[in-house]
Amino acid sequence: MELYNKAIQVSYPPGSLFKIVVLLAALEEEPDIANEYFYCSGFEKLNDLVIKCNKEGGHGYISAEEAFAKSCNSVFIQIGKRVGSKKIIDMAQKMGYGRKLNIGLLEEVAGNLPYGEELIGPSVGNISIGQGKIEVTPLQVTNMMMILANNGVEKDLSIVKGIVTEDGRMVKEFKKNEEKRIISKENSQIVNKFMAEVVLRGTAKKLNLEDIGGACGKTGSAQAILNGENTIHGWFSGYYPRENPKYVITVFVEEGFSGSKSAVPIFGKIAREIYMKNR
């Protein structure tokens, strides 16, 4: 695995990063859900499946925005049950998951999304928190964050113009993808507001980039099997600065155990390096 380009050649469970997709799917069905309050008792039971919240004892009564900022599993499972697995996966596909983004590197993998019977019954619990059959690449996560940074518009990510001969003659030119709107500006702005709260008062509050423009983003801690052993990977993906963003950064730490502790500090270092070089 050491020789793989893990940004494009390996897919992983996204964990709580996938709550962005659940929120977007919910906003399309019930726009007012962003203003609702929920109750988190510390776990959700779906038939024989019990999924614990990330806070032992639960969050109690909590707004949708705070639930997102604190990455409350219980609330997002409740939201996922209301929306339904199929609509969540449909939104995931709209955001670029389950397919190659075709940036010009042939080794890119498509990741995986559940389908058919994998969407039935209690599976919505794992789907709502980015676990189970869902696997994504860091590139796909970056593409999703880029769409949000552009208020719902997907732009081309390709890095290869084409294939040329030794004398520079183009033998195969790669067509760039045209810009297109994926989600509404209104829903994108709601998610961006929620992601700002993640950084200001939520799971990434230790990021502390306010002096250089702040940031928006989402943490993830994803359970997975690596080399036959259970482990937890750490994620943080976001953009900087908060207003008029210029850079999307995705940090993935294998066996990082906590996105807040392992990935967030790396994001901060990268953002500050960019800031210092552009002064």
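Described below are features of the structure shown in this document.

The rules behind these values
- Residues numbered from 1 in each chain as written.
- Predicted model: local features only at pLDDT ≥ 70, side-chain atom pairs only at ≥ 80, totals over all residues.
- Heavy atoms only, no water.
- Helix = DSSP H or I, 4+ residues; strand = E, 2+ residues; numbered from the N terminus.
- Rg over C-alpha atoms; globule rule 2.2 N^0.38 Å.
- Buried < 20%, exposed > 50% of the residue type's maximum accessible area, 1.4 Å probe, protein only.
- Areas by Shrake-Rupley, 256 points an atom, 1.4 Å probe, with all protein chains shown as cover.
- Lys, Arg positive; Asp, Glu negative; His and termini not counted.
- Charge placed at Lys NZ, Arg CZ, Asp CG, Glu CD.
- 1 Å grid on protein atoms, 1.4 Å probe; cavity = no way out; pocket = protein on both sides within 12 Å on 5 of 7 lines; lining within 4 Å.
- Points joined across faces, edges and corners; volume = space filled by probe spheres on them.
- Nonpolar A, V, L, I, M, F, W, Y, C, P; charged D, E, K, R; others polar.
- Pairing = 2+ DSSP bridges.
- Axes fitted to C-alpha atoms, helices over the stretch in contact; angles between N-to-C directions.
- Contact = heavy atoms within 4.5 Å.
- Parallel < 35°, antiparallel > 145°, perpendicular 65-115°, else oblique.
- Left-handed = near helix turned anticlockwise from the far one by under 90°.
- Phe/Tyr/Trp six-rings, centres within 6.5 Å; stacked < 30°, edge-to-face > 60°.
- Lys NZ or Arg CZ within 6 Å of the ring centre and 35° of its normal.

So, the overall build of the protein chain
Assigned secondary structure in the protein chain consists of 8 helices and 11 strands. Against the globule reference of 19 Å for 279 residues, the protein chain gives a C-alpha radius of gyration of 19 Å, in line with a compact fold. Here the C-alpha coordinates of the protein chain stretch approximately 65 × 45 × 40 Å along the principal axes. For the protein chain, the residues scored as buried account for 51% of the 279 residues in total. Carbon together with sulfur atoms contributes 49% to the accessible area of the protein chain, which is approximately 14300 Å² in total. If you average the places of the 35 positive and of the 33 negative side-chain charges in the protein chain, the two averages end up 4 Å apart.

Looking at the layout of surface pockets
The space that makes up the largest pocket amounts to roughly 510 Å³. In terms of lining residues, the largest pocket is bounded by 21 residues, among which Ser16, Asn54, Asn73, Ser221 and Gln223 are the most central. Take the lining of the largest pocket: its biggest share by element is 4 residues, from strand E9 (residues 216-226). For the lining of the largest pocket, the residue count by class is 5 nonpolar, 14 polar and 2 charged.

Overview of the sheet that holds strand E10 (residues 229-240)
Overall, antiparallel pairing links the 3 strands, which are arranged E9-E10-E11 in an open sheet. Two strands close off the open sheet at either side, each with one partner strand: E9 and strand E11 (247-253). If you compare each strand with its neighbour and ignore which way they point, the axes differ by 15 degrees on average. By the bridge criterion, 11 bridges tie E9 to E10 in an arrangement that is antiparallel. Within E10, the residue paired with threonine 219 across the bridge is phenylalanine 236. Helix H7 (residues 185-201) rests against E9 and E10 of the sheet, and its axis sits at about 75 degrees to E9.

Re the environment of leucine 3
Structurally, leucine 3 can be placed in the segment before helix H1 (19-29). Separated by 34 residues in sequence, leucine 3 and tyrosine 37 place their C-alpha atoms 46 Å apart.

Section: the environment of aspartate 90
Here aspartate 90 lies in helix H4 (residues 85-94). The exposure class assigned to aspartate 90 is partly exposed, which follows from its relative accessible area of 32%. Separated by 118 residues in the primary sequence, aspartate 90 and asparagine 208 have C-alpha atoms spaced 35 Å apart.

Quick look at the packing of H1 against H7
Packing of H1 against H7 brings their axes to within 10 Å, and their N-to-C directions diverge by 140 degrees. When the axes of H1 and H7 are compared, the pair comes out oblique. Between H1 and H7 lies a crossing of right-handed hand. Only Asn187, Ile190, Val191, Phe194 and Met195 of H7 make contact with H1, whose side of the interface consists of Ile20, Leu23, Leu24, Leu27 and Glu28. For the contact of H1 with H7, the per-class residue count stands at 8 nonpolar, 1 polar and 1 charged.

What to know about the packing of H1 against helix H3 (residues 73-83)
The geometry of H1 relative to H3 is characterised by a closest axis approach of 10 Å and an angle of 45 degrees between their N-to-C directions. Relative to H3, H1 is oriented oblique. Considering the relative orientation of H1 and H3, their crossing is left-handed. The residues of H3 that touch H1, namely those facing Lys19, Val22, Leu23, Ala25 and Ala26, are Asn73, Phe76, Ile79, Gly80 and Val83. Each residue belonging to the contact of H1 with H3 can be placed in one class, and the counts come to 7 nonpolar, 2 polar and 1 charged.

Quick look at the packing of aromatic side chains
Applying the stated rule across the entire model yields 8 aromatic pairs. Ring geometry for tyrosine 12 versus phenylalanine 252: centroids 4.1 Å apart, planes at 40 degrees, classification tilted. Of the two residues, tyrosine 12 is situated in the segment before H1 and phenylalanine 252 in strand E11; the sequence distance between them amounts to 240 residues. Given a relative accessible area of 4%, tyrosine 12 falls into the buried group. Measuring from ring centre to ring centre gives 6.2 Å for tyrosine 240 and tyrosine 247, while their planes differ by 20 degrees; the resulting arrangement is stacked. An aromatic cluster is present here, built from Tyr12, Trp235 and Phe252 joined pairwise through their rings. Seen from the ring of phenylalanine 68, lysine 218 lies directly overhead, with NZ or CZ sitting 5.6 Å from the centre.

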